[in-house]
Amino acid sequence: MTEARTRRVILAPDKFKGSLTAAQAAAALAAGIHRTAPGTELRQLPVADGGDGTVDAFLAAGWERVPVDSFGPTLAPVETAYAVRGIDAVVELAAVSGLAELPGGQADPLHASTYGVGDVIGDALDRGARHIVLGLGGSASTDGGAGLLQALGLRILDADGNELPCGGAALARAVRVDRSGLHPGLADAKITLASDVDNPLLGPNGAAAVYGPQKGADPEQIATLEAALKNWAAVLGPEWADKPGAGAAGGAGFGAMAALGARVRSGIDVVLDLIGFRAELAHAGLVITGEGSLDDQSLAGKAPLGVCQAAQAAGVPVIAVAGRIRLTPEQVTAAGFAAAYALSDLEPDPARSIAAAGELLERIGEIIAAPDNSIRPPV
């Protein structure tokens, strides 16, 4: 390994949910490393897996921010933004129709909609984007992607030919769709769904049953939404209902696949490809990644594992940092990490650890950069 490569470190954490954004986590690690090893060349590339923070990851990589006024999950006005580079645009569902956008935090499981997401996609198409990456995750709705499609010009009609209102419950009355008014930009556009969810649309592992409770749905409402989604699938394209990822974001995956020809990819893989992560590895001697909790879910395809696998393929060692680590040392090693550090080792009290996450990450950066740290190339 050349000296130049040895001295370059890529900082590619995901968010530490509830305490730090991915960019803040990378900056804290950078501050700690620079205090101990001021000559280290650092490249901050915060990442995401398709959920909240996805647009921020692209902005940190130099993409252009496009602000837009749109509609939240209850159709209340929201100010949001997406990221653009050339014909590529990245739209984050959580930033438009996510749980955090519910007015007063009040859930509305039967009527919440993805209409605003389609509105933002339409804005990107109007500006010339022809590859739309839609990050799925954190949605407040279970509408099968119907709102998204309505905003893009799809008419969903009942038995009397009337257009349905937004929301998942209304889909029980859907009889047919009219695609003639779909946004013309969709004709030559490609839609990629960035998601780490492989649930089908329906059934015990489907959108309503698994994720409905997170959106405030009680058992009766879950049954209502399940029946509505079953009818919606029969109208729009039943062959898509069992596809992996159809149940993502309250069934938005299904709607986008069935009506727009979208394809699902691992969220972290999409992010790494488009921010040029693999090209950056050619000049790196170490990668540091992480998230709030390193656990079994992390091993199922979350951002840190995707970063680790990409770095391993390039022969670059990877260190994980996390608020807490719920993996055994053997699992950490088997996943490919050279080492793992937890904030909880420095501050066992969870509340204090969350409150002081930035400071603790700086201390971990100092530890990693220490000259006597033998578990990674010297920085």
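Our structure's up above, just so we're on the same page.
Overview of the structure. This one's a predicted model, so the numbers in the text were calculated from it and none came from an experiment. Residue positions are given per chain, counted from 1 along the sequence in the order it is written. Local features in this predicted model are restricted to residues whose pLDDT is 70 or higher, and side-chain atom pairs enter the listing and the counts only when it is 80 or higher, whereas totals over whole chains, interfaces and linings include all residues. Just so you know, side-chain values use all the structure's heavy atoms and leave hydrogens and water out.

**So, the overall build of the protein**
Logical step 1: The secondary structure content of the protein amounts to 16 helices and 13 strands.
Logical step 2: Taken over C-alpha atoms, the radius of gyration is set against a globule rule of 2.2 Å times the number of residues to the power 0.38. Here the C-alpha atoms of the protein give a radius of gyration of 22 Å, agreeing with the 21 Å that 2.2 N^0.38 yields for 379 residues.
Logical step 3: Referenced to the eigenvectors of the C-alpha coordinate spread, the extents of the protein come out at roughly 75 × 40 × 35 Å.
Logical step 4: Out of the 379 residues in the protein, the part that is buried amounts to 56%.
Logical step 5: Pairs of residues are marked as contacts when any of their non-hydrogen atoms sit within 4.5 Å. Put simply, of all contacts in the protein between residues at least 6 apart along the chain, 71% involve residues at least 24 apart.
Logical step 6: Of the roughly 15,000 Å² of accessible surface on the protein, 51% is carried by carbon and sulfur atoms.
Logical step 7: Across the protein, the centroid of the 28 positively charged side chains sits 4 Å from that of the 43 negatively charged ones. By the criteria applied, helices consist of DSSP H or I runs no shorter than four residues and strands consist of E runs no shorter than two, each listed in order from the N terminus. We call a residue buried when its accessible area falls under 20% of the maximum for its residue type, exposed when it is over 50%, and partly exposed in between, using a 1.4 Å probe and counting protein chains only. Surface accessibility follows the Shrake-Rupley procedure with a 1.4 Å probe radius. Residue values consider only the protein chains on display as shielding. Positive charges are assigned to Lys and Arg, negative charges to Asp and Glu, while His and the chain termini are left out of the count. One atom stands in for each charge, and that atom is NZ of Lys, CZ of Arg, CG of Asp or CD of Glu.

**Focus on the nonpolar core**
Logical step 1: Among buried residues, those of type Ala, Val, Leu, Ile, Met, Phe, Trp, Tyr and Cys that are joined through side-chain atoms within 4.5 Å constitute a nonpolar core. With 56 residues, the main nonpolar core has Tyr-82, Ile-121, Ile-132, Leu-134, Trp-232 and Phe-254 as its most contacted residues.
Logical step 2: The greatest single-element share of this core, amounting to 9 residues, is contributed by helix 9 (residues 248-260).
Logical step 3: With near-sequence residues (within four places) excluded, Leu-134 lies in contact with Val-91, Leu-93, Val-117, Ile-121, Leu-148, Thr-192, Leu-193 and Ala-194.
Logical step 4: Counting 36 residues, the second-largest nonpolar core is a separate cluster that includes Ala-12, Leu-272, Ile-275 and Phe-337.

**Some thoughts on the packing of helix 8 (residues 219-236) against helix 9**
Logical step 1: Comment: axis = line fitted to C-alpha atoms, over the contacting stretch for helices; angle = value between 0 and 180 degrees taken between N-to-C directions. In the contact formed by helix 8 and helix 9, the axes pass within 11 Å of each other and the chain directions differ by 15°. Classed by the angle they form, the pair helix 8 and helix 9 counts as roughly parallel. Note on packing geometry: the crossing formed by helix 8 with helix 9 is left-handed. For the pair helix 8 and helix 9, contact is made by Trp-232, Ala-233 and Leu-236 and by Phe-254, Gly-255, Ala-258 and Ala-259, respectively.
Logical step 2: Split by residue class, the contact of helix 8 with helix 9 holds 6 nonpolar, 1 polar and no charged. Every angle not falling under 35 degrees, over 145, or within 65 to 115 is termed oblique; those three ranges are roughly parallel, roughly antiparallel and roughly perpendicular. By convention the crossing between two helices is left-handed if the near helix lies anticlockwise of the far one by an angle smaller than a right angle, and right-handed if it lies clockwise. Amino acids outside the nonpolar list (Ala, Val, Leu, Ile, Met, Phe, Trp, Tyr, Cys, Pro) and the charged list (Asp, Glu, Lys, Arg) are all regarded as polar, and Gly is one of them.

**Digging into the pattern of salt bridges**
Logical step 1: Only one rule defines a salt bridge in this text: a Lys or Arg side-chain nitrogen within 4 Å of an Asp or Glu carboxyl oxygen. The full count for this structure, using the stated rule, is 16 salt bridges.
Logical step 2: Glu-41 serves as the salt-bridge partner of Arg-8, at 3.1 Å between the closest nitrogen and oxygen. Linking Arg-8 in strand 1 (residues 8-13) with Glu-41 in strand 2 (residues 41-44), this pair joins segments that are 33 residues apart in sequence.
Logical step 3: Residue classification places Glu-41 among the partly exposed positions, given a relative accessible area of 40%.
Logical step 4: Salt bridges linked by common partners bring Arg-8, Glu-41, Arg-43 and Glu-280 together as one network.

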